[in-house]
Amino acid sequence: MEIIVLKEIDSTNNYAKKLIDKNKNNFVVLANKQTNGRGRLDRKWISNEGGLYFSLVKDFSDIYPILTPLAIVKTLKLFNIDAKIKFPNDITINNKKLSGILIESYKDRVIIGIGINFYNKVELDTAISIYDLNTFVDRLEFLFKFLEIFNKYLKKDKNQILDEYKKYSSTLNQKVKLILPNKVVEGFVRDIDFDGITLKIGDREVKYPTGEVVHLRI
Ligand code: BTN
């Protein structure tokens, strides 16, 4: 897979869109830093030097929100780092965010944007970096291993991928608050799959396409 390496860019997801406009497919855009890194829900993703910022472009499929966090967790495992997946696709260690994923569909393609805190300074106390773990992982080595694992999983059965995702989910079977665009609901997480999260609210089970999850302690 072709990897395009940039010193600095506004956002690797934005750059990926420009290349899709030129009809490119199946590539990775990697940047040393981003001046306008974007997160989910219109948030900013602070992207100073030292972190790993890249976007992957593929044909459209609904597998990526499940497959991508799983492939990140599996890659971290190779480097002896244990991480969890917080719904929908944040990667956390000790409940702090190590990595975020922004998946956007564009034309008939999907852009999978991944940001991982490596040696960049993380300013939020809800975030964590590889540096904080007192271990060293080479960013490029991580990227190559990630792509290997990602492509290996792409060939697997969808339900097997989902089952593995669930093993690393810190959200499944938890009491959560789910923040939706127009309301907040509270319930017990019964299931997660390719099209959303199922909550038990009172004696009803309700499925929501996505949302922001806050884990509650019981
Ligand atoms: C989130 O947790 O809100 C998602 C963060 C995604 C950040 C990555 S960094 C590479 C790619 N380019 C962007 O502008 N955003 C994604």
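Every value quoted in this text rests on a predicted model; they were computed, and no experiment measured them. (Residues numbered from 1 in each chain as written. Predicted model: local features only at pLDDT ≥ 70, side-chain atom pairs only at ≥ 80, totals over all residues. Heavy atoms only, no water.)

1. Description of the overall build of the protein
- Of the regular secondary structure elements, the protein holds 4 helices and 12 strands.
- The C-alpha atoms of the protein give 17 Å as radius of gyration, which agrees with the globular expectation for 218 residues (17 Å, within 12%).
- For the protein, buried positions account for 51% of its 218 residues.
- Considering only contacts in the protein between residues 6 or more positions apart, those separated by 24 or more positions represent 61%.
- Seen as two clouds, the 36 positive and the 28 negative side-chain charges of the protein have centres 1 Å apart. (Helix = DSSP H or I, 4+ residues; strand = E, 2+ residues; numbered from the N terminus. Rg over C-alpha atoms; globule rule 2.2 N^0.38 Å. Buried < 20%, exposed > 50% of the residue type's maximum accessible area, 1.4 Å probe, protein only. Contact = heavy atoms within 4.5 Å. Lys, Arg positive; Asp, Glu negative; His and termini not counted. Charge placed at Lys NZ, Arg CZ, Asp CG, Glu CD.)

2. Looking at a nonpolar patch on the surface
- On the surface, Ile179, Val184 and Val214 cluster together into a nonpolar patch covering about 210 Å² of accessible area.
- Summarising the element assignment, Val214 is placed in strand S12 (residues 212-215). (Patch = residues over 30% accessible without salt bridge, like charges linked within 9 Å, V, L, I, M, F, W, Y side chains within 5 Å. Areas by Shrake-Rupley, 256 points an atom, 1.4 Å probe, with all protein chains shown as cover. Salt bridge = Lys/Arg side-chain N within 4 Å of Asp/Glu carboxyl O.)

3. Brief notes about the sheet that holds strand S10 (residues 196-201)
- One open sheet holds the 5 strands; their spatial order is S11-S10-S9-S8-S12, and the pairing between them is antiparallel. For this open sheet the edge positions go to strand S11 (204-208) and S12, each flanked by a neighbour on one side alone. Pairwise comparison of adjacent strand axes, ignoring direction, gives a mean angle of 45 degrees for this sheet.
- As judged from the 4 bridges shared by strand S8 (residues 175-179) and S12, these two strands associate in the antiparallel manner. The residue bridging Lys177 from the neighbouring strand is Val214, located in S12. (Pairing = 2+ DSSP bridges. Axes fitted to C-alpha atoms, helices over the stretch in contact; angles between N-to-C directions.)

4. With respect to the site of the ligand
- In the region of the ligand, 19 residues are neighbours, and Ser11, Gln34, Arg38, Arg40 and Lys97 sit closest.
- Between Gln34 and the ligand, the recorded distance is 2.9 Å, taken from a side-chain N or O atom to a nitrogen atom.
- Within the backbone of Arg38, an N or O atom sits 2.7 Å from a nitrogen atom of the ligand.
- When the ligand is considered free in solution it has 410 Å² of accessible area, and contact with the protein chains removes 98% of it.
- For the shell around the ligand, the elements supplying multiple residues, two or more each, are helix H1 (12-21), strand S3 (52-59), strand S6 (96-106) and strand S7 (109-116).
- Take the shell around the ligand: its biggest share by element is 4 residues, from S6.
- Looking at the shell around the ligand, its residues break down into 5 nonpolar, 10 polar and 4 charged. (Near = heavy atom within 4 Å. Polar contact = N/O pair within 3.5 Å; in protein donor to acceptor, adjacent residues only side chain to side chain. Nonpolar A, V, L, I, M, F, W, Y, C, P; charged D, E, K, R; others polar.)

5. Section: H1
- Restricting attention to buried positions, one finds in H1 the residues Thr12, Asn13, Asn14, Ala16, Leu19 and Ile20.
- Of the surrounding elements, those touching the buried residues of H1 are strand S1 (2-9), strand S2 (27-34), S3, S6 and S7.
- For H1, the N-terminal cap is Ser11; the gap from its side-chain oxygen to the backbone nitrogen of Asn13 is 3.2 Å.
- Downstream of H1 by one or two residues, Asn23 has phi in the positive range, about 70 degrees.

6. Digging into the packing of helix H2 (residues 64-78) against helix H4 (residues 158-167)
- Orientation of H2 relative to H4, taken along the N-to-C sense of each, is 55 degrees, at an axis distance of 9 Å. Relative to H4, the element H2 is oriented oblique. Between H2 and H4 lies a crossing of left-handed hand. Touching Pro65, Ile66, Leu67, Pro69, Leu70 and Lys74 of H2 are Ile161, Leu162, Glu164 and Tyr165, all from H4. (Parallel < 35°, antiparallel > 145°, perpendicular 65-115°, else oblique. Left-handed = near helix turned anticlockwise from the far one by under 90°.)

7. Considering the packing of H2 against helix H3 (residues 139-154)
- Two elements in contact, H2 and H3, have axes separated by 9 Å at closest approach and are oriented at 130 degrees. Here H2 is positioned oblique relative to H3, judged by the angle of their axes. Regarding H2 and H3, the two cross each other, and that crossing is right-handed. Contacts between H2 and H3 involve Tyr64, Leu67, Thr68, Leu70, Ala71, Ile72, Lys74, Thr75, Leu76 and Leu78 on the former and, on the latter, Phe142, Lys145, Phe146, Ile149, Phe150, Tyr153 and Leu154.

8. Focus: the side chain of Thr171
- In this structure, Thr171 sits in the loop between H4 and S8.
- Looking at Thr171, the relative accessible area reads 0%, which means it is buried.
- Beyond its immediate chain neighbours, meaning those up to four positions away, Thr171 contacts Ile85, Lys86, Phe87, Val176, Val189, Ile192, Ile197, Val213 and His215.

9. Focus on H2
- An ideal rise of 1.5 Å per residue puts 21 Å on 15 residues; H2 measures up with 21 Å between its terminal C-alpha atoms.
- With 12 of 15 residues buried, H2 is to be regarded as a mostly interior element.
- For H2, every residue scored as buried is listed here: Tyr64, Ile66, Leu67, Thr68, Pro69, Leu70, Ala71, Ile72, Val73, Lys74, Thr75 and Leu76. (Expected span 1.5 Å × (residues − 1).)

Honestly, it's all geometry; don't read function into it.
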